[in-house]
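# Structural characterization, general
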Amino acid sequence: MKLVNIGFGNLVNASRVIAVVSPDSAPVKRMISDSRDRGMLIDASHGRKTHSVILTDSDHVILSYLQPERIEAKFNEPETEGENDE
């Protein structure tokens, strides 16, 4: 299991992420509002401006202050040996 840091020490399971999108479009804003109403919104931005919206296969919507390009780079980093062993 590969965990990706999305800011402030918050981690997401890379295999559960469907997409990382910008929060600027109207459909994404509606998605955020709907997920908040359903109790499926996770705000990992710690009060900062939201730059990325992460969509998961469990229908959770995660807000992050990191730019989508930075999160993409973290997903593309190779997993180091023993990093996530428990």
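A brief structural summary. (Residues numbered from 1 in each chain as written. Predicted model: local features only at pLDDT ≥ 70, side-chain atom pairs only at ≥ 80, totals over all residues. Heavy atoms only, no water.)

## Some remarks on the overall build of the chain
So the rule is basically this: Helix and strand definitions follow DSSP, with helices as H or I runs of at least four residues and strands as E runs of at least two, each counted in order from the N terminus. The reference for a compact globule is 2.2 Å times residues^0.38; the radius of gyration itself is calculated from the C-alpha atoms.
From N to C terminus, the chain includes 2 helices and 6 strands. Taken from N to C terminus, the helices and strands of the chain fall in the order β-β-β-α-β-β-β-α. Relative to the globule expectation of 12 Å for 86 residues, the C-alpha radius of gyration of the chain, 13 Å, shows essentially globular dimensions. Judged by the C-alpha coordinates and their principal axes, the chain covers about 40 × 20 × 20 Å.

## Describing the sheet that holds strand S6 (residues 61-64)
Using the following cut-off: One bridge is not enough; two strands pair if DSSP finds at least two bridges between them. Axis definition: a line fitted to C-alpha atoms, limited for helices to the stretch in contact. Angles are taken between N-to-C directions and run from 0 to 180 degrees. The contact criterion used is simple: two residues touch if any of their non-hydrogen atoms lie within 4.5 Å.
Judged by pairing direction, the sheet is mixed, and its 4 strands sit side by side in the order S3-S5-S6-S4 without closing on themselves. Looking at which strands have only one partner, the edges of the open sheet turn out to be strand S3 (17-21) and strand S4 (41-43). Geometrically, the sheet is characterised by an average inter-axis angle of 20° between neighbouring strands, direction not taken into account. One ladder, built from 4 bridges, connects strand S5 (residues 52-56) with S6; its direction is antiparallel. Each bridged residue has a counterpart across the sheet, and for Leu55 the counterpart in S6 is Val61. Contacts from helix H1 (residues 26-38) reach S3, S4, S5 and S6 within the one sheet, and its direction differs from that of S6 by about 115°. Contacting S3, S5 and S6, helix H2 (residues 68-76) runs over the sheet at an angle of about 145° to S3.

## Structural notes on H1
To keep things clear, this is the line we draw: Multiplying 1.5 Å by the residue count of a helix minus one yields the expected span of that helix. Relative accessibility under 20% of the residue-type maximum defines a buried residue, over 50% an exposed one, and the middle range a partly exposed one, all with a 1.4 Å probe and only protein chains included. To obtain the arc, one takes the directions from the helix axis to the C-beta atoms.
With 13 residues, H1 extends 18 Å from end C-alpha to end C-alpha; this agrees with the ideal 18 Å at 1.5 Å per step. Looking at H1, one finds that the buried residues are Val28, Ile32 and Ser35. Buried residues of H1, seen end-on, are gathered within an arc of 70° and therefore sit on one face of the element. Across H1 from its buried face, at more than 90 degrees, point the exposed residues Arg30 and Asp37.

## Points about the packing of aromatic side chains
The condition is simple: Pairs were defined over the aromatic rings of Phe, Tyr and Trp, the Trp ring being its six-membered one, requiring ring centres within 6.5 Å. Orientation was assigned from the angle between planes: stacked under 30 degrees, edge-to-face over 60, tilted for the rest. Only when the NZ atom of a Lys or the CZ atom of an Arg is both within 6 Å of the ring centre and within 35 degrees of the ring normal do we say a charge sits over the ring.
Applying the stated criterion across every chain yields a total of 1 aromatic pair. A cation over an aromatic ring shows up here: Arg48 above the ring of Tyr65, its NZ or CZ 5.8 Å from the ring centre.

## Examining the nonpolar core
Applicable threshold: For the purposes of this section, nonpolar cores are sets of buried Ala, Val, Leu, Ile, Met, Phe, Trp, Tyr and Cys residues that join through side-chain atoms within 4.5 Å.
One finds Val4, Ile6, Val12, Ala14, Val17, Ala44, Ile54, Ile62, Leu66 and Ile71 forming the largest nonpolar core, which totals 10 residues. With residues up to four places along the chain from it excluded, the contact list for Ile54 reads Ile6, Val17, Ala19, Val20, His60, Val61, Ile62, Ser64 and Ile71. Among the nonpolar cores identified, the runner-up in size contains 6 residues, and Val53, Leu55, Val61 and Leu63 belong to it.

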